[in-house]
Amino acid sequence: MGPHPAVAAIRLAVRRVLHDILIDHTRPPGESSPPGPHGPLSPLVMVACSGGADSMALASALAFEAPKLGVRAGGITVDHGLQSGSDLRADDVVGRLVELGMAPVGSLAVTVGRDGGPEAAARDARYAALDAAAERHGAAAILLGHTRDDQAETVLLGLARGSGIRSLSGMAEVSGAGGRYRRPFLHLDRQTARKACMVQSLPVWDDPHNADPAYTRSRLRHEGLPALEKALGKGVVGALARTAQLSRDDADALDAWALQAEASVRDTAGLLECAKLYALPPAVRRRILRRAAIEAGAPAGSLFARHIEEVDRLITGWRGQGVINLPGKVVAQRQGGRLVIRQS
């Protein structure tokens, strides 16, 4: 008799991602892997585990599948320090990962700032810690336990911000430097992960922040999505996840178009020519403007659609406007038919 369907589903999802990682990290012919104490060192794949149902299900599947493919399985948990006893919970998660046979495992304590609000600040601190852990251990990839439900929430949050098609594309299955982050569960729902933990008798921790109405995502999860499902039917989550993939495909195509078009709208000095920018479709033109602002020093996370719209009006609605101030002390202005974006 095979494993429970929920367990089979999470293992299959992880197995597919491990195959992809092995293909992506295959060295060219004749180039050997770094030697280990007993021969070539197998690639290390780590799981970012909070102790919740999604990441514990992911950890259990990684621990089961990795040895069969010659992959080392490790784990890391991040202690955000936002709740009393968070250090003890982190130690408990480390113990669970050790029980699953993972190595190396560890806990990282971070200091959460305030930039962008509590959720964004915690996310930034977490990814910085995970990046550092991956570099320190030489990990080929870090697996994240985001599910289809998380994807649906991300799409709705992007829609609420009015940030354009890239925000609607949600989370990518592969992201980060060199494709470091992998999300095997984006096609699985949250209940599948929880069921897999239950049938394997894996203890899970339910973060009280996930039920705290002070957090936007929590309100969306417990109030917004249920209201949408009541009004539109149970297929809302799946439809939003499909929207994310379709939006990502469109956004990727437009990004590629903008990258190709950028050279054609610059003069010999490298300045952007307003007349040539005006001739481009708005979606392509605004991508070029965003790239130029980021290259000038504007932080990508602080550069919103309203900023790019203001700069775009220097092209499409020119009436002698003055300097446009952008995040990161970057300014944009029109000078003699050219668009200049630079540090102030």
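Residues numbered from 1 in each chain as written. Predicted model: local features only at pLDDT ≥ 70, side-chain atom pairs only at ≥ 80, totals over all residues. Heavy atoms only, no water.

1. Thoughts on the sheet that holds strand 11 (residues 330-335)
Consideration 1: Judged by pairing direction, the sheet is antiparallel, and its four strands sit side by side in the order 9-12-11-10 without closing on themselves. Each having just a single partner strand, strand 9 (272-273) and strand 10 (324-326) make up the two edges of the open sheet.
Consideration 2: As defined by bridge partners, strand 11 adjoins strand 12 (residues 338-343) across six bridges and the pair is classed as antiparallel. Across the sheet, the residue bridging to Q333 is V340, located in strand 12.
Consideration 3: Contacts from helix 11 (residues 282-296) reach strand 9, strand 10, strand 11 and strand 12, with the element oriented near 35 degrees to strand 12. (Pairing = 2+ DSSP bridges. Helix = DSSP H or I, 4+ residues; strand = E, 2+ residues; numbered from the N terminus. Contact = heavy atoms within 4.5 Å. Axes fitted to C-alpha atoms, helices over the stretch in contact; angles between N-to-C directions.)

2. Regarding the packing of aromatic side chains
Think of a pair of aromatic rings as described by two things: how far the centres are apart, and how the planes are tilted against each other in angle.
Consideration 1: With the rule as written, the count across this model stands at one aromatic pair.
Consideration 2: Measuring from ring centre to ring centre gives 5.1 Å for Y127 and Y181, while their planes differ by 90 degrees; the resulting arrangement is edge-to-face. Here Y127, found in helix 4 (residues 118-137), pairs with Y181, found in strand 8 (residues 181-182); they are 54 residues apart in sequence, far enough to count as distant.
Consideration 3: Directly above the aromatic system of F64 lies the positively charged group of R11, at a separation of 3.6 Å from the ring centroid. (Phe/Tyr/Trp six-rings, centres within 6.5 Å; stacked < 30°, edge-to-face > 60°. Lys NZ or Arg CZ within 6 Å of the ring centre and 35° of its normal.)

3. Thoughts on the nonpolar core
Consideration 1: Counting residues in each nonpolar core, the largest one holds 34 residues, and the members touching the most others are V14, L18, I21, L62, M102, L143 and F185.
Consideration 2: Elements with a minimum of two residues in this core: helix 1 (5-24), strand 3 (44-48), helix 2 (53-65), helix 3 (86-99), strand 6 (141-143) and helix 7 (190-199).
Consideration 3: Dropping the residues within four chain positions of it, L18 is found in contact with V45, L62, E65, A66, L69 and V71. (Core = buried A, V, L, I, M, F, W, Y, C linked by side-chain atoms within 4.5 Å. Buried < 20%, exposed > 50% of the residue type's maximum accessible area, 1.4 Å probe, protein only.)

4. Some words on the pairing of strand 11
Consideration 1: Pairing between strand 10 and strand 11: three bridges, direction antiparallel. What sits directly across from N325, in strand 11, is V331.
Consideration 2: Between the antiparallel neighbours strand 10 and strand 11 lie three residues, among them G328 with a positive phi of about 80 degrees.
Consideration 3: Hairpin connection, strand 11 to strand 12: the antiparallel pair is bridged by two residues, and G336 has positive phi, about 55 degrees.

5. Remarks on the environment of G238
Consideration 1: Mapped onto the secondary structure, G238 falls in helix 9 (residues 236-262).
Consideration 2: Sequence-wise, G238 and L188 are 50 residues apart; in three dimensions their C-alpha atoms are separated by 9.6 Å.

6. What to know about the state of the cysteines
Consideration 1: One pass over the full model with this rule turns up zero disulfides.
Consideration 2: The cysteine C49 is free of any disulfide, with C197 supplying the nearest cysteine sulfur at 8.8 Å.
Consideration 3: Assessed through its relative accessible area of 2%, C49 is described here as buried.
Consideration 4: We classify C197 as buried; its relative accessible area is 1%. (Disulfide = S-S within 2.5 Å.)

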